[in-house]
Amino acid sequence: MKGVLQEMSENGKISVLQLMVLVFLYTIGTTVLVIPSGLAATANQDAWLGAIVGVLIGTVVLGLYIALWIVYPGQTFVGICRAALGKWAGSAIAVIFMGYGFIGASTVLFYVGNFFQTQFIPRTPIWCTVTLFALVVVMGTRLGLETISRAAELMLPWFLLFFAILVITLVPAAKYVNVRPMLEFGWKPLFEAGLSFAGTAYMPIVFLFAVFPHVKTPEKAKIGVYVTALIGGLCVVLVTLLCILVLGPNITARSMFPSYALVKKINIGNFLQRVEAVMAGMWFITTYVKTTFYFYGGVTSLSEILNLNNYRNVTLPCTMIVIVLSLIVYPDVVYMQYWDSIVFPPYILLMGVFIPLLLWIIGLFKTKPGQNAAASGKNQS
Amino acid sequence: MAANMTFKRIPILLSVLILMLPLTGCWDRREMNELAISLGMGIDRVGKKYVVTVQVVNPSQIAGQKGSGSNESPVRTYTAEGPTVYEAIRKMTIASPRKIYAAHLRVLIFGEGMARQGIGKSIDLLSRDYELRTDFFLLVARGTTAAHALNILTPLERIPANKLYRSIETSEKAWAPVTTVTLDEFVNDIVSKGKNPVISGIRLTGTEDGGSSTDNIKTTRPAIQLENNGLAVFRKDKLVGWLSEMESKGYNYIINNVTSTVGHVSCPNGGNLALEVVRADSKMKGTVKEGRPHLSVELRVEENVGEVECSIDLTKVRSIQELEKRAEERLTRIIRRSLDAGQKKYKSDFFGFGNAVHRSNPGYWKAVQKDWDERFEDAVIDVKVNVKIKRTGTVTNSFMEDKEE
């Protein structure tokens, strides 16, 4: 019993397929629920084009992460920081990174609580929903990467089923005139929208560097991550397009949760209708994966920075912090929208693009060609 | 060993205790018998206050009773007034023992007076509140208040709100001069500068008073009835007038909302012949030529001969061609009527030609969107109608045809 508790931080190994499932759900999580509204507010009927631009930006961002992975094989983000910048400076950057993991987990928890309170149970205190959700998250984190991955594998078919129902049942309600005229406001809003899309969907993938070292075959995994993240992004593009086609750009932009407003429109022959509460399961699955890996990224970074031999020891105190933080992280929903649209983009650009880019460039200079293989061999053992 | 076992049981005992907590149920639970399920809501304005009327189902009269055992009304209405709609709805608890539950709302009725003053502000609550969906129909009560309209009991469909919902839906599919408008469609129309909203109207027929007693549904011909009545034309969120049945039908032809209807043409030798529309497909286009909007409607209709009340030889190809020509003329006239109502009578583009122009020429639209309704007034609109008569029903010539010969 004692031996089990004192094992290494994370000695579980996951397969490429499992990682792909995680990346897929992680990309869609929260993005699909909130992003169409912002996209429609910026790009009107071109919101879906903005989302496509976001996927294109995503290909570059993902390319950067893959490159970073190649330069620092088998390293977590904390390890990369330290390898590139030395122990102290590296740890300092790692602390900022870890901090965002916890803020990210808190904000997503708030999203969950807020969604419940706005749409289903307005008089239940938000701490109840948030605590219950956080308990499942911390449970998954403590059980380890293998358990979460298998759970994600089990949840994937449900997600795909709901998603297929969503698309198929809404096609009859689509009004194709809604997307026209295309490019009325030019390209500029598309890039603005694309950036916020990539910021929500792709840049948080940087937190999966906590997971990357635990993949069995890293070579195949790189392509897998790249492809599944893009497919995940295309799913969000599809939902955004459906929002525009079914609800129209104006109502999409005005809605707090446009994709929820969207599933409310499902009505096949006055028979298959009012299924939104069931369909919301889709968001709980993806949001769960998102929250868990923000949190996982946070606690594994913390334990690595402090050189703890088991991250599980810090999960419970961190959960308490995250729960309390989630209750105060946004004082109100208007502040939430302000923060998400004004503060978040530059913040995530710093965390998800500039710091990784810097680390990558340093890594290129530090590792001479030929040393790569040796370094990777050392870390694999 | 025994002590160790007891020690081990504590967490199990604790988790059992903790699991008992959620057994008390959902925090936000609402039992069926605590809800007043409202299927119809009406909003009127008196002075500076909203008067909100809600039609609530009387469950004991609806649930599984064959025949009407008692004389209780199947629905009950509550009325309350307040400076905002939300306050008025909550205020209803002064009379209602249950809280109003609006998730199953079928129709939202505005009194004509209220509609003329503008209804935009009053529907914010309905799009904001989490309970409500957007699939209910908006209606205007012509010449009366919403409160009055909601107080009328109807036969066949025991719940009047359901009756209104169904009859609008049925009439749209089979007769075509009404249009179902849901909340989000209406909101989209108000916001868009290229289309003004339209809402179907209802009116009361028969005597002025009564109708709220079950006596009204005891007879084969109720003293007071609710009927569909053409379309109400809006400019922004204010009602400006009504379309006649013919104009309403033309409107639906133009916006491609005709599923089926029946029309008639006069035969070459006098008398009428009824044609059933089995398929109608229209395209609305708006382009810009020489700096002026150039609008057009193209309508393709497939019809069947439904009733022959004149002498015509339906076995001849030429007579079908003649009928097609006459049907085209008639449909063009119907559409022109409707267009005239928009361009001349109400000076409001409720068809959405502006949106068509917006789609085809965004640059031009930017320049004209502010005063589009004025430009629409003297825009040239082409109407092209193509009618194909496919079938003549189960017989060819009318039996009257032989008799005359």
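Residues numbered from 1 in each chain as written. Chains lettered and ligands numbered in written order. Predicted model: local features only at pLDDT ≥ 70, side-chain atom pairs only at ≥ 80, totals over all residues.

If you check an unreviewed UniProt entry, chain A appears there as Spore gernimation protein from Paenibacillus montanisoli. Per UniProt, the comment on chain A under Sequence similarities (unreviewed entry) is "Belongs to the amino acid-polyamine-organocation (APC) superfamily. Spore germination protein (SGP) (TC 2.A.3.9) family." Under the UniProt heading Subcellular location (unreviewed entry), the note attached to chain A is "Membrane". (UniProt positions renumbered as here; feature names shortened; annotations may be inferred.)

The next thing to look at is the overall build of chain A. Across its full length, chain A holds 17 helices and two strands. A globule of 381 residues ought to have a C-alpha radius of gyration of about 21 Å, and chain A, at 21 Å, matches this closely. By residue count, 50% of the 381 residues in chain A fall in the buried class. Contacts spanning at least 24 positions in sequence make up 84% of the contacts within chain A whose residues lie at least 6 apart. (Helix = DSSP H or I, 4+ residues; strand = E, 2+ residues; numbered from the N terminus. Rg over C-alpha atoms; globule rule 2.2 N^0.38 Å. Buried ≥ 20, exposed ≤ 12 C-beta atoms within 10 Å, placed from the backbone. Contact = placed C-beta atoms within 7 Å.)

Okay, the overall build of chain B next. Counting secondary structure elements, chain B contains 14 helices and 13 strands. Relative to its length of 405 residues, chain B is extended, with a C-alpha radius of gyration of 28 Å against a globular reference of 22 Å. Referenced to the eigenvectors of the C-alpha coordinate spread, the extents of chain B come out at roughly 105 × 60 × 60 Å. Of the contacts made within chain B by residues no fewer than 6 positions apart, 73% connect residues no fewer than 24 positions apart.

Right, let's talk about unusual backbone geometry for a bit. With an omega of -5°, the peptide bond running from arginine 180 of chain A to proline 181 of chain A counts as cis. On the secondary structure map, proline 181 of chain A appears in the loop between helix H8 (145-170) and helix H9 (188-201). Backbone geometry places asparagine 307 of chain A, a non-glycine residue, at a positive phi of 55°. Residue position: asparagine 307 of chain A is located in the loop between helix H14 (281-305) and helix H15 (312-328). You can call asparagine 307 of chain A exposed: it has 6 C-beta atoms within 10 Å. One non-glycine residue, alanine 176 of chain B, adopts positive backbone phi at about 80°. By secondary structure assignment, the location of alanine 176 of chain B is in the loop between helix H7 (160-174) and helix H8 (183-191). Assessed through the 24 C-beta atoms surrounding it within 10 Å, alanine 176 of chain B is described here as buried.

The biggest cluster of nonpolar side chains holds 219 residues, and the ones touching the most others in it are Leu25 of chain A together with Val52, Leu139 and Ala232 of chain B. Both domain 1 (31-242) and domain 2 (245-405) of chain B contribute no fewer than three residues apiece to this core. With residues up to four places along the chain from it excluded, the contact list for leucine 25 of chain A reads Ala152, Leu156, Phe159, Ile285, Thr286 and Val289 of chain A. (Core = buried A, V, L, I, M, F, W, Y, C linked by C-beta atoms within 7 Å. Domains from an automatic or database assignment.)

Turning to the interface of chain A and chain B, a few remarks are in order. Much of the literature gives interface size as the accessible area that the parts lose upon coming together. With 17 residues of chain A at the interface, the matching set in chain B holds 13 residues. Counting residues per element, the ones that place at least two in the side of chain A that touches chain B are helix H6 (87-119) and helix H11 (249-254) of chain A. Looking at the side of chain A that touches chain B residue by residue, the classes come out as seven nonpolar, six polar and four charged. (Nonpolar A, V, L, I, M, F, W, Y, C, P; charged D, E, K, R; others polar.)

Residues and elements named next belong to chain B. Taken as a whole, chain B is organised into domain 1 (31-242) and domain 2 (245-405). Those elements that provide at least two residues to the side of domain 1 that touches domain 2 are H7, strand E8 (224-235) and strand E9 (238-242). Here the side of domain 1 that touches domain 2 gets five residues from one element, more than from any other, and that element is E8. Looking at side-chain class alone, the side of domain 1 that touches domain 2 contains eleven nonpolar, six polar and four charged residues.

What follows is about the pairing of strand E11 (residues 272-289) of chain B. Residue and element names in this part refer to chain B. In terms of strand pairing, strand E10 (residues 261-266) meets E11 through six bridges, oriented antiparallel. Note on E11: the bridge partner recorded for histidine 264 is alanine 274. Between E10 and E11, which follow one another and run antiparallel, lie five residues, and glycine 270 among them has a positive phi close to 85°. Two successive antiparallel strands, E11 and strand E12 (residues 292-309), enclose a turn made up of two residues, where glutamate 290 displays a positive phi of approximately 50°. (Pairing = 2+ DSSP bridges.)

Residues and elements named next belong to chain B. The terminal C-alpha atoms of helix H10 (residues 317-345), which comprises 29 residues, lie 41 Å apart, in line with the 42 Å expected from a rise of 1.5 Å per residue. Of the positions making up H10, those classed as buried are Leu323, Ala327, Leu331, Ile334, Ile335, Ser338, Leu339, Ala341, Gly342 and Gln343. For H10, the elements touching its buried residues are helix H9 (245-254), E10, E11, E12, helix H13 (372-377) and strand E13 (380-391). One or two residues past the end of H10 sits lysine 347, with phi positive at roughly 45°. (Expected span 1.5 Å × (residues − 1).)

Let's shift gears to the packing of H6 of chain A against helix H7 (residues 126-143) of chain A. Residue and element names in this part refer to chain A. Where H6 meets H7, the axes come as close as 9 Å, and the angle between the chain directions of the two elements is 130°. Here H6 lies oblique to H7, going by the angle between them. The handedness of the crossing between H6 and H7 is right-handed. Of the residues in H7, those in contact with Leu109, Val112, Gly113, Phe116 and Gln117 of H6 are Ile126, Thr129, Val130, Phe133 and Ala134. (Axes fitted to C-alpha atoms, helices over the stretch in contact; angles between N-to-C directions. Parallel < 35°, antiparallel > 145°, perpendicular 65-115°, else oblique. Left-handed = near helix turned anticlockwise from the far one by under 90°.)

Moving on, we come to the sheet that holds E11 of chain B. Residue and element names in this part refer to chain B. The four strands are arranged E10-E11-E12-E13 in an open sheet whose pairing can be described as mixed. Both edges of this open sheet fall to E10 and E13, since each of them pairs with a single strand only. When the angles between neighbouring strand axes are averaged without regard to direction, this sheet yields 40°. One ladder, built from eleven bridges, connects E12 with E13; its direction is parallel.

Another point: the packing of H8 of chain A against H14 of chain A. All names here are of chain A. Between H8 and H14, the shortest axis-to-axis distance is 9 Å and the interhelical angle comes to 150°. As far as their axial angle goes, H14 and H8 are roughly antiparallel. When the axes of H8 and H14 are compared, the crossing they make is left-handed. Mapping the contact onto sequence places Ile148, Ala152, Met155, Trp158, Phe159, Phe162 and Phe163 in H8 and Gly281, Met282, Ile285, Thr286, Val289 and Thr292 in H14. Broken down by class, the residue content of the contact of H8 with H14 amounts to ten nonpolar, three polar and no charged.

Moving on: the environment of glycine 58 of chain A. All names here are of chain A. Take glycine 58: it is sitting in helix H4 (residues 47-71). Through-space distance from the C-alpha of glycine 58 to that of leucine 230 is 7.4 Å; in sequence the pair is 172 residues apart. Look past the residues within four positions of glycine 58 in its chain and what remains in contact with it is Ala198, Ala201, Tyr202, Ala229, Leu230 and Gly233.

Our next topic: the environment of isoleucine 381 of chain B. All names here are of chain B. Relative to the helices and strands, isoleucine 381 resides in strand E13. Put simply, isoleucine 381 and glutamate 81 are 300 residues apart on the chain and 46 Å apart in space, counted from C-alpha to C-alpha. Dropping the residues within four chain positions of it, isoleucine 381 is found in contact with Leu295, Ser296, Val297 and Leu339.

In this section: the confidence of the model for chain A. All names here are of chain A. For chain A, per-residue confidence averages 87 on the pLDDT scale, and residues scoring 70 or more make up 93% of the total. Between the elements of chain A, mean pLDDT differs from a low of 39, seen in helix H1 (residues 2-5), to a high of 94, seen in helix H2 (residues 16-28). Low pLDDT (under 50) marks residues 1-9, which in the prediction has nine contacts with non-local residues, meaning those over four places away or in another chain. (pLDDT = per-residue confidence, 0-100.)

Residues and elements named next belong to chain A. Tracing the backbone through its elements, the reader meets methionine 351 in helix H16 (residues 333-366). Residue class for methionine 351 comes out buried when judged on the 22 C-beta atoms lying within 10 Å of it. Sequence-wise, methionine 351 and phenylalanine 97 are 254 residues apart; in three dimensions their C-alpha atoms are separated by 6.9 Å. Those residues within four positions of methionine 351 in sequence are excluded, and the remaining contacts are Phe97, Tyr100 and Val206.

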